[in-house]
Amino acid sequence: MIAADLLVAQNIGFYLIAAIMVFGAFSVVTTRNVVHAALWLVVVLAGAAAQYILLAAEFVAVTQVLVYIGAVMVLFLFGTMLTRARIGTDSELNNKNWFMGIPVAVLLLATLIIALNDGFGDEQLPTDAPVVTTQQVSDQIFGPYLLPFWALSFVLLAATIGAIVLARRD
Amino acid sequence: MNSALIAADLAYWAQSLLRVLGGLVAVLLPAGTVVYLFLFKMMSFMQSRLGPMEAGPYGSMQLFAEVGKWLQKEDIVPANAQPEARIFKMAPLIVLASTFLLVVVVPFGPDAWFTDFEVGIFYALAVSSVSVLGILIAGWSSANKYSLLGGLRAAGQLIAYELPMVLAVIGVVIQAGTMNLQQIVVAQNAGSMFGWNGVGNPYILTQFVAFIIFMISVQAELTQTPFDMPIAESELVSGYMTEYSGFRFLIFFIGEFATAGVFAMIASVLFLGGWGVPFAWFGWTDMDSIDNWMNVAGPLILFTKMIVLVFFIMWVRFSFPRFREDQLQRFAWKILIPVSLVNIMVTAVLKVAF
């Protein structure tokens, strides 16, 4: 049964990408160079985008690439290169409380597993599900979810203004 | 390239092989044409000289000579960059990969496309931003302060000009009602202006502001001259490319001019009607009624439009002096972005009104 499941092209793709993502995620926290960590994070985020493609969620995948790889990671690299990333030197990335991260990570994993199991259990993905088009996504955002969308925009606007106020001291 | 024919007769691996070969042609052919036609010949003409004349008739083989020269050169990693040699070597490949990812969505004819992506233009904007990563780590891993400065300048500039580019495209997307590049082509060529369909409805007429903003942003994304602060040769040697030699420099070079070509193709798809001719000329109404010969004529038409647009990009490149860094940022944030926001608003209002 498991072998039959494994031999579907999409499943092979999924496990391959998932393995790369897990390896990348481990490298993010184990590497000693801050730029290497950022580049491994790019691998993880690109893997997530690839998984969205496998789920036929094109819009989300492209948004992932545009926002996380094209903007957030570039900003990360920009900041670290301006300040503390010197070539060949290992920056002091680990502080002495690093082991406290392990229980937090385990707790998060447990919460996610329980929540997903509780929410979806043994529901099966429909094999002939219609692909959700971008038009449907936008119809939903600008229809029933307009108010949450506005609220989110205002949160982002407030954060932007706050960042500018904090950064400019003149 | 008739998709029905390929789907019926060829195995998946053969289709993929054809697509890869097609992608290589679609990236390298524009790059070669742009370099010979504009960088060698037009630039020389504007400077009252002949340009390369020895290799082949009118120097047309010069390009192959140059490529041969670059391939023979040693692939040097600077001593200080040795600890990061792997990243140093990877950086140009990321830039070129972004170009190849970009060409995938460009439609060349009714059936001649690599992929009919539903979120086409959105995807193109997303993958074009990946090249920033390559430029940043190229500048950082060179272990050279000029390179690092160039990389940081490039990142700041590319982020700043990506916004007006995205916002300019939104005007077109609103008018066409789709993000699929193939359908944007059809919407322009099947359209009509006030009942007259002699030239279809190319969006350069209705979205002229967006077109200008898009072309300015393309110029900045390519770091072509008025926006070439990142590789300013009088201050930064060659910016993030300084330490690269041999075929890695060649890859940066190809990436730059191939991206110019691909962006010009995307601009002609968005604003000039892409591969199509106005459908009314031949009595076509929609995708299905287009004659098959468009699959041969389409790429040629698109290529011609691309050459025209690259001509403008290069004309500006060879004519203007360089922006200062603060002028460059102010121009993006205080002029281009507000103008494109107004353009979106006006387009949306008119779209609802008509």
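1. With respect to the overall build of chain A
For step 1, the next point in the chain: The helix and strand inventory of chain A stands at seven helices and zero strands.
For step 2, the next point in the chain: Going from N to C terminus, chain A has its helices and strands arranged as α-α-α-α-α-α-α.
For step 3, the next point in the chain: Across the 170 residues in chain A, those meeting the buried criterion constitute 14%.
For step 4, the next point in the chain: Summarising the internal contacts of chain A: among those between residues at least 6 apart in sequence, 52% fall at separations of at least 24.

2. Some points on the overall build of chain B
For step 1, the next point in the chain: In terms of regular secondary structure, chain B is built from 13 helices and zero strands.
For step 2, the next point in the chain: Ordered by position in the sequence, the α and β elements of chain B form the string α-α-α-α-α-α-α-α-α-α-α-α-α.
For step 3, the next point in the chain: Across its three principal directions, the C-alpha atoms of chain B cover 65 × 50 × 45 Å.
For step 4, the next point in the chain: Partitioning the contacts of chain B with sequence separation of at least 6, the portion at a separation of at least 24 is 81%.

3. What to know about the interface of chain A and chain B
For step 1, the next point in the chain: Listed by partner, the interface residues are 21 residues for chain A and 25 residues for chain B.
For step 2, the next point in the chain: Taken together, the elements giving at least two residues each to the side of chain A that touches chain B come down to helix H3 (34-54) and helix H4 (58-83) of chain A.

4. As for the domain arrangement of chain A
The parts lose accessible area when they come together, and the size of an interface is often stated as this lost area.
For step 1, the next point in the chain: Segmentation of chain A into domains returns domain 1 (1-87) and domain 2 (132-170).
For step 2, the next point in the chain: Each of domain 1 of chain A and domain 2 of chain A has a C-alpha centre, and the two are 25 Å apart.

5. Section: the confidence of the model for chain A
For step 1, the next point in the chain: Per-residue pLDDT for chain A averages 82, and the proportion of residues at 70 or more is 87%.
For step 2, the next point in the chain: Confidence scores differ between elements of chain A, with helix H1 (residues 2-6) of chain A showing the lowest mean pLDDT of 62 and helix H7 (residues 146-167) of chain A the highest of 91.

6. A look at the nonpolar core
For step 1, the next point in the chain: In terms of nonpolar packing, the biggest core is built from 126 residues, with Leu133(B), Leu136(B), Phe214(B), Ala267(B) and Leu270(B) touching the most fellow members.
For step 2, the next point in the chain: Per element, the largest residue contribution to this core is 16 residues, and it comes from helix H11 (residues 246-271) of chain B.

7. A look at the packing of H11(B) against helix H12 (residues 294-319) of chain B
All names here are of chain B.
For step 1, the next point in the chain: Relative orientation of the contacting elements H11 and H12 amounts to 115°, with a least axis distance of 8 Å. In terms of axis orientation, H11 runs roughly perpendicular to H12. When the axes of H11 and H12 are compared, the crossing they make is right-handed. On H12, the residues that touch Ala260, Gly261, Ala264, Met265, Ala267 and Ser268 of H11 are Leu302, Lys305, Met306, Leu309, Val310 and Ile313.
For step 2, the next point in the chain: Split into classes, the residues belonging to the contact of H11 with H12 amount to nine nonpolar, two polar and one charged.

8. A short note on the environment of Val199(B)
Residues and elements named next belong to chain B.
For step 1, the next point in the chain: Mapping valine 199 onto the fold places it in the loop between helix H8 (181-190) and helix H9 (203-206).
For step 2, the next point in the chain: Judged by C-beta crowding, with 17 C-beta atoms within 10 Å, valine 199 ranks as partly exposed.
For step 3, the next point in the chain: Note: C-alpha distance between valine 199 and glycine 273 (74 residues apart in sequence) is 9.7 Å.

9. Structural notes on the packing of helix H6 (residues 131-141) of chain B against helix H7 (residues 145-176) of chain B
How two helices pack is summed up by the angle between their axes together with the distance between the axes.
Residue and element names in this part refer to chain B.
For step 1, the next point in the chain: It is at 7 Å that the axes of H6 and H7 come closest, and there the two elements cross at 160°. The orientation of H6 relative to H7 falls into the category roughly antiparallel. The hand of the H6/H7 crossing is left-handed. Counted together, Val132, Ile135, Leu136, Ala138, Gly139 and Trp140 of H6 and Ser147, Leu148, Gly150, Gly151, Leu152, Ala154, Ala155 and Leu158 of H7 form the full contact between these two elements.
For step 2, the next point in the chain: Partitioned by chemical class, the residues of the contact of H6 with H7 number 10 nonpolar, four polar and no charged.

10. Focus on the environment of Ala91(B)
Residue and element names in this part refer to chain B.
For step 1, the next point in the chain: Inspection of the secondary structure assignment puts alanine 91 in helix H4 (residues 85-103).
For step 2, the next point in the chain: Separated by 45 residues in sequence, alanine 91 and leucine 136 place their C-alpha atoms 8.3 Å apart.
For step 3, the next point in the chain: Among all residues touching alanine 91, those that are not within four sequence positions of it are Gly134, Ile137, Ala138 and Ser141.

Cut-off values and rules
Residues numbered from 1 in each chain as written. Chains lettered and ligands numbered in written order. Predicted model: local features only at pLDDT ≥ 70, side-chain atom pairs only at ≥ 80, totals over all residues. Helix = DSSP H or I, 4+ residues; strand = E, 2+ residues; numbered from the N terminus. Buried ≥ 20, exposed ≤ 12 C-beta atoms within 10 Å, placed from the backbone. Contact = placed C-beta atoms within 7 Å. Domains from an automatic or database assignment. pLDDT = per-residue confidence, 0-100. Core = buried A, V, L, I, M, F, W, Y, C linked by C-beta atoms within 7 Å. Axes fitted to C-alpha atoms, helices over the stretch in contact; angles between N-to-C directions. Parallel < 35°, antiparallel > 145°, perpendicular 65-115°, else oblique. Left-handed = near helix turned anticlockwise from the far one by under 90°. Nonpolar A, V, L, I, M, F, W, Y, C, P; charged D, E, K, R; others polar.

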